[in-house]
Amino acid sequence: MSDTASDDQNAGPATMKAAGQDRFGGPEEIHEISLPRPKPGISEILVRVHAAGINPTDWKHRAGQSWFPEPSVPLGWDVSGVVEAVGLGSTLFEPGDEVFGMLPYPHGVGSHAEYVVGPTRAFVRKPAEIDHIQAGALPLAALTAWQALVDTAGVAPGDRVLIHAAAGGVGHLAVQIAKARGAYVIGTASAPKHEFLRGLGADEVIDYRETDFAEAVHDVDVVLDTIGGDYQPRSLRTLRPGGILVSTLPRPAKGLREEAERLGVRVKLILVEADHAGMQAIADLAAEGALKATIAGTFPLAEAAKAHEAGETDHTTGKLVIVMDEGTGSGD
C-alpha cells in the first residue's frame, strides 16, 4: 500500500442510506435517512456493508439508556462487508477484501448504514466458509463471550462453566466457545430452549422459571452473567472457592464485591472492546465450524425499526441481522 490513501477513496456515491433517529424513544424513532458517505482517515478502512448485527445495546442506546447525550446517527457496531477504500498507513487490507469486525465500543458506532469507516485493526478477513449474514451476526456478541470466558476467566479444559441466558445472543455463542475450550457447560434458559442448547453442546440445562439455579448448581469455576440484578449475588453461591463471576453488566449489585470477598470468590465486570486478536480467534472458530450464530431474523435497512421491535420482545433465540443488499447468503 502506498503512503497515500487508496486512489478509489473518492470513487462511488457521495451519499448513503442509513438507519437514524432524531430523538430518543421507541422503535418508531428509527427511520431511513441519507448521509454523506464517509472517507477513511489514517489507519482506517471504508467498508461497504453487506450485513450488520443488531444487539441489545442498540435498542438501549436508541432509547437513551446510554453514554450518548444525543441520539447516535446511525447506530450499529457489528459489520461484515467488503473493503471499499483504505486510509493512510493501513496495510492489512486492500479494496475488494471481505472483512468483518466490531467498531470500537461504544463511540465507534455507525454500521447500520450502507458504508462505514472503522480502524483497520477492528477487522479481520471474513472466512470463506461463512456468509456475510453469519459474519455480521458474530462480532459484538462473540467478542463479549470470548473476552469474558477466555481473556478474563481463562476457561480451560475440564472447567465447569455456568452461562445465564444461554440461548441469547451472547449466551448461545458463549456455550460454543466454552465447549471449544473443553469446558463442562451448564446453561439457564426457559424449557422450550433446552433442546436448542443441548444441540449446541450444553451438558446441563436449567429452567430458571422452575428451578433456583443458586440451589441447583454448585462448585462451578466460572459464571457468565448477562442479566445483572440479583443474578449477580445469587451466582456467587454457585462458585467454588477461587471461582470467578464475569458480568457483562458494568454496574455491580449492592454489596456484590463484599459478598464475593466473604465467599472467597472473584468478580469482574466487563464491557466489550474492539480486539483484532479476539476477532481472529472468532474467525478461526467459525471457519472450523465450531462457532455459529443462530439467525433469529433478517431485516432490510429500511425496516431497521422492525428489527428493534423484534429484539425488544426478549423472545428471540440467537441474533437479528440487518441486511443491506441481496445475495449475502442465508446464514441459517
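Attention here is on the structure that accompanies the text. Keep in mind the model is a prediction, meaning the values are calculated, not measured. (Residues numbered from 1 in each chain as written. Predicted model: local features only at pLDDT ≥ 70, side-chain atom pairs only at ≥ 80, totals over all residues. Heavy atoms only, no water.)

**Describing the nonpolar core**
So, step 1. Phe123, Leu138, Leu149, Ile163 and Leu197 are the most contacted members of the largest nonpolar core, which has 79 residues in total.
So, step 2. The leading source of residues in this core is helix α3 (residues 139-152), at 9 residues.
So, step 3. In this view, phenylalanine 123 contacts Ile45, Val47, Val79, Phe93, Val99, Phe100, Gly101, Leu103, Gly118 and His276; residues no more than four positions away in its chain are not counted.
So, step 4. Core analysis: the second largest hydrophobic core is formed by 16 residues, Ile206, Phe213, Ala214 and Leu256 among them. (Core = buried A, V, L, I, M, F, W, Y, C linked by side-chain atoms within 4.5 Å. Buried < 20%, exposed > 50% of the residue type's maximum accessible area, 1.4 Å probe, protein only. Helix = DSSP H or I, 4+ residues; strand = E, 2+ residues; numbered from the N terminus. Contact = heavy atoms within 4.5 Å.)

**As for the sheet that holds strand β13 (residues 266-269)**
Within a beta sheet, neighbouring strands are joined by backbone hydrogen bonds and run either parallel or antiparallel to one another.
So, step 1. Strand order in the open sheet made by the 6 strands is β10-β9-β8-β11-β12-β13, with parallel pairing throughout. With one partner strand each, in any of the chains shown, β10 (204-207) and β13 form the two edges of the open sheet. Within this sheet the neighbouring strands show an average axis-to-axis angle of 15 degrees, counted without direction.
So, step 2. Where strand β11 (residues 220-225) lies against strand β12 (residues 239-247), 5 bridges are found, and the strand directions are parallel. Bridging across to β12, valine 220 finds its partner in leucine 239.
So, step 3. In the packing of helix α4 (residues 169-180) onto the sheet, the strands contacted are β8 (160-163), β9 (184-189) and β11, and the crossing angle to β8 comes to about 170 degrees. (Pairing = 2+ DSSP bridges. Axes fitted to C-alpha atoms, helices over the stretch in contact; angles between N-to-C directions.)

**Overview of the packing of α3 against α4**
Packed helices, taken two at a time, are described by the angle their axes make and the gap between the axes.
So, step 1. Where α3 contacts α4, the two axes come as close as 8 Å, and the packing angle between them is 50 degrees. Our classification of the angle between α3 and α4 gives oblique. Helix-helix and strand crossings are classified by hand; for α3 and α4 the assignment is right-handed. For the pair α3 and α4, contact is made by Ala141, Ala142, Thr144, Ala145, Trp146, Leu149 and Val150 and by Gly169, Val170, Leu173, Ala174, Ile177 and Ala178, respectively.
So, step 2. Grouping the amino acids of the contact of α3 with α4 by side-chain chemistry returns 11 nonpolar, 2 polar and no charged. (Parallel < 35°, antiparallel > 145°, perpendicular 65-115°, else oblique. Left-handed = near helix turned anticlockwise from the far one by under 90°. Nonpolar A, V, L, I, M, F, W, Y, C, P; charged D, E, K, R; others polar.)

**Some remarks on the pairing of strand β4 (residues 78-86)**
So, step 1. By the criterion of burial, β4 is predominantly enclosed, with 8 of the 9 residues buried.
So, step 2. Relative to β4, strand β3 (residues 44-54) is paired through 6 bridges, and the arrangement is antiparallel. From the neighbouring strand, valine 49 faces β4, where its bridge partner is glycine 81.
So, step 3. In terms of strand pairing, β4 meets strand β5 (residues 98-102) through 5 bridges, oriented antiparallel. Bridging across to β5, glycine 81 finds its partner in valine 99.

**Thoughts on the environment of glutamate 303**
So, step 1. Its location among the elements puts glutamate 303 in the loop between β14 (295-300) and α10 (304-311).
So, step 2. For glutamate 303, a relative accessible area of 31% corresponds to the partly exposed category.
So, step 3. Distance from glutamate 303 to histidine 31, taken between C-alpha atoms, is 7.9 Å for residues 272 residues apart in sequence.

**What to know about unusual backbone geometry**
So, step 1. Residue proline 74 is bonded to the preceding valine 73 through a cis peptide linkage, with omega at -10 degrees.
So, step 2. One can find proline 74 in the loop between α1 (56-62) and β4.
So, step 3. In this structure, proline 106 follows tyrosine 105 across a cis peptide bond, with omega equal to 0 degrees.
So, step 4. Within the secondary structure, proline 106 sits in the loop between β5 and β6 (115-119).

**A few points about the pattern of salt bridges**
So, step 1. Going through the model one piece at a time under the given rule, you end up with 13 salt bridges.
So, step 2. Measuring nitrogen to oxygen at the nearest pair gives 3.8 Å for the salt bridge that ties arginine 234 to aspartate 230.
So, step 3. If you follow the salt bridges from partner to partner, you end up with Arg37, Arg48 and Glu84 in one network. (Salt bridge = Lys/Arg side-chain N within 4 Å of Asp/Glu carboxyl O.)

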